[in-house]
Amino acid sequence: MKIIYAGARFENYNFRRRQSFEYVNFFLTLSSLPGVEVIELPFDHILEIGKERFNRELLDTAKQGKPDLFFVFMYTDELLPSTLETLRQMGVPTLAWFADDYWRFWNYSKHWAPLFSYAVTTSPQALGWYAHSDIHNVIGSQWACNTAQYGPRPMNQDIDVSFVGQYKPGRGRIVQMLERQGIAVQAYGFGWPRGGVSHEEMLQIFSRSRINLNLNERPSRFEARVLARLFLRKSIDRLVLSPHLVENAQAWWHFSVPHTHARPFELAGCGAFVISGKSANIKQYYVPGQEMEFYETPEELVKKVRYYLDHTEQRKQIAKAGYERTIRDHTYEKRFREIFSRIGV
């Protein structure tokens, strides 16, 4: 099978930052599948050659390569609707993976999804929204773990509690609350005092930590950067004015809804013990108290952190069960094979 893949290669189009989530998990997984040839067209090239030329090169590649599928991880407006129509006329099936549909559905995904042969969402709520909008080419899926990039490291557990991820005010408040309770938390990532870490360093932190946190706190709708979404939207690597106030207001209202992240799957795939904030459907993927732990309130988090720091064997059993569940059910190879089987490629 031959796939043309498009997506950002670096985080936020910044060549000085790490490779993007979608490159590490989507492109690298697709490239590793037996019998699959992947031609990558990174969105990052748009900064060098412009959107019009990028879309022309996409069509030229499709004409020459005759792919079985065009697979794109959607980011902003890198693609031209006319390009997708031309691919349809050429007989090339197109599949788009939409992230953050829990809020982006309203002013982004519902406009782009109908332009593709198939669309994938990780939001269970959005499946109903698509159907209500008479959009019926949508497949429900979920984040997972790329086991070629994530896995256990043989490390001594010398960190009690850790969190790896970008600093956000809600996450900062949870870390400060735990520290006030006498629980030391080592936080890493963009915006934290310890700063960011490499991918390998991150995996080592996962294995070194007795408890790994997945902080699911959402920002207030009235924080400045959230309010800005009423009037601005992303276009490739910059913010531009958006006149669609009603749709933007719908997206803004849903922005603070808790949702399922990829991080719990990645942590469990590293054999790490996880205490995670809850989302709408995370318990469908890991059994609470058996494969992963969850909290709903800060007070509950404090109690569970203290409990599991004192119950080493129980903690290890849960981590082992979570790892086994991930390897069995929650890999990107499994996700992609399910999707390809469903669409008949």
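None of the values given here were measured: they were computed from a predicted structure.

A. View of the pairing of strand β11 (residues 238-241). Bridge count between strand β10 (residues 232-235) and β11: four bridges; the pairing is antiparallel. Residue pairing for β11: Ser235 is matched across the bridge by Arg238. Linking β10 to β11, which pair antiparallel, is a turn of two residues; within it Ile236 sits at a positive phi near 55°.

B. Spatial organisation of the sheet that holds strand β3 (residues 69-73). Spatially, six strands are ordered β2-β1-β3-β4-β5-β6 in an open sheet, and the strand pairing comes out parallel. Each having just a single partner strand, β2 (37-42) and β6 (138-140) make up the two edges of the open sheet. Neighbour to neighbour, the strand axes of the sheet diverge by 20° on average, direction disregarded. The pairing of strand β1 (residues 2-7) with β2 spans six bridges and is classified as parallel. Counterpart to Ile3 in the pairing with β2 is Val38. Packed on one face of the sheet, helix α1 (residues 21-32) meets β1, β2, β3 and β4 (94-98) and runs near 175° to β1.

C. Highlighting the sheet that holds strand β9 (residues 209-214). Across the sheet, which stays open at both edges, the five strands sit in the order β8-β7-β9-β12-β13 with parallel pairing between neighbours. Each edge of the sheet is formed by a strand with only one pairing partner; in this case those strands are β8 (185-188) and β13 (293-295). Across the sheet, the mean angle separating the axes of adjacent strands is 25° when strand polarity is ignored. Of the pairings in the sheet, the one linking strand β7 (residues 159-164) to β8 comprises four bridges and is parallel in character. If you follow Ser162 over to β8, its bridge partner there is Gln186.

D. Here's a closer look at the pattern of salt bridges. The final tally for this structure, using the stated rule, is 22 salt bridges. With a closest N to O distance of 2.9 Å, Arg153 and Glu200 form a salt bridge. Pair noted here: Arg153 is in the loop between β6 and β7 and Glu200 is in helix α8 (residues 199-208), with a separation of 47 residues, a long-range link. On the accessibility criterion, Arg153 (27% relative accessible area) is partly exposed. Overall, Glu200 belongs to the partly exposed group, its relative accessible area being 32%. Glu223 is the partner of Arg225 in a salt bridge, and the nearest nitrogen-oxygen pair spans 3.9 Å. Taking the relative accessible area as the measure of exposure, Glu223 reaches 18% and is therefore buried. Connected through salt bridges with shared partners, the residues Glu291, Arg325, Arg328 and Asp329 form a single ionic network.

Reading the values: the criteria
Residues numbered from 1 in each chain as written. Predicted model: local features only at pLDDT ≥ 70, side-chain atom pairs only at ≥ 80, totals over all residues. Heavy atoms only, no water. Pairing = 2+ DSSP bridges. Helix = DSSP H or I, 4+ residues; strand = E, 2+ residues; numbered from the N terminus. Axes fitted to C-alpha atoms, helices over the stretch in contact; angles between N-to-C directions. Contact = heavy atoms within 4.5 Å. Salt bridge = Lys/Arg side-chain N within 4 Å of Asp/Glu carboxyl O. Buried < 20%, exposed > 50% of the residue type's maximum accessible area, 1.4 Å probe, protein only.

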